[in-house]
Amino acid sequence: MRVHNEFGPGLLESVYMECMIYELINRGYKFKIQELVPLKYDNICLKSRMRLDILVEDNIILELKAVETIHPIHVAQLLTYMKLSKKPKGLLINFNTNRLKDSIRSLVNEYYAELP
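Keep in mind that what you see is a predicted model, and the values were worked out from it rather than measured. (Residues numbered from 1 in each chain as written. Predicted model: local features only at pLDDT ≥ 70, side-chain atom pairs only at ≥ 80, totals over all residues. Heavy atoms only, no water.)

**Q** Break down the pairing of strand 2 (residues 44-56) for me, citing the residues and quoting the values.
**A** Relative to strand 2, strand 1 (residues 31-41) is paired through nine bridges, and the arrangement is antiparallel. Bridging from a neighbouring strand, Val-37 pairs with Met-50 of strand 2. Linking strand 1 to strand 2, which pair antiparallel, is a turn of two residues; within it Asp-42 sits at a positive phi near 50 degrees. Pairing of strand 2 with strand 3 (residues 60-65) involves three bridges; the strand directions are antiparallel. Within the sheet, the bridge partner assigned to Leu-55 lies in strand 3 and is Ile-61. A loop of three residues connects strand 2 with strand 3, the two strands running antiparallel in sequence, and Glu-57 in this loop sits at a positive phi of about 55 degrees. (Pairing = 2+ DSSP bridges. Helix = DSSP H or I, 4+ residues; strand = E, 2+ residues; numbered from the N terminus.)

**Q** Outline the sheet that holds strand 3, supporting the account with residue identities and numerical values.
**A** On the basis of which strands lie adjacent, the open sheet formed by five strands has the order 1-2-3-4-5 and mixed pairing. With partners counted over all chains shown, the strands left at the sheet margins are strand 1 and strand 5 (104-108), one partner each. For this sheet the average axis-to-axis angle between neighbouring strands, irrespective of direction, equals 35 degrees. Each of strand 1, strand 2, strand 3, strand 4 (89-94) and strand 5 touches helix 3 (residues 72-85); the most contacted strand, strand 3, lies at about 155 degrees to it. (Axes fitted to C-alpha atoms, helices over the stretch in contact; angles between N-to-C directions. Contact = heavy atoms within 4.5 Å.)

**Q** I'd like a description of the environment of Leu-11, backed by residues and values.
**A** Locating Leu-11 in the fold gives a position in the loop between helix 1 (2-7) and helix 2 (13-26). In sequence terms Leu-11 and Pro-72 are 61 residues apart; their C-alpha atoms lie 22 Å from each other.

**Q** Mind laying out a nonpolar patch on the surface, listing which residues take part and the relevant values?
**A** Side chains of Tyr-41, Ile-44 and Leu-46 sit close together on the surface and give an oily, nonpolar patch of about 310 Å² of accessible area. Since its relative accessible area comes to 57%, Tyr-41 is described here as exposed. (Patch = residues over 30% accessible without salt bridge, like charges linked within 9 Å, V, L, I, M, F, W, Y side chains within 5 Å. Areas by Shrake-Rupley, 256 points an atom, 1.4 Å probe, with all protein chains shown as cover. Salt bridge = Lys/Arg side-chain N within 4 Å of Asp/Glu carboxyl O. Buried < 20%, exposed > 50% of the residue type's maximum accessible area, 1.4 Å probe, protein only.)

Written as structure tokens, this is what we have:
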């Protein structure tokens, strides 16, 4: 919220990401930026990989956007990231809005409970 209150909508995703990283550092969270997650298909490791925007405390994926509207493909992207990386939670945050609280989607990995 602090990042959005400072700048509001209209900037590139990379600016919001830099500010989010600053806030996470100041609050003492452990996190990884642009975490690469390997992909397997039919028991082979693919050359392609997923790239998570921010992974907080090895538990929560933050997927940052600066788009006019969150579309179902954005939600599907985060759900897929959560499923394939075996992370229980994700936050989809769109900074390109007048009211940030209306543009945050909290998602839970329904497959997480089934994982070994």
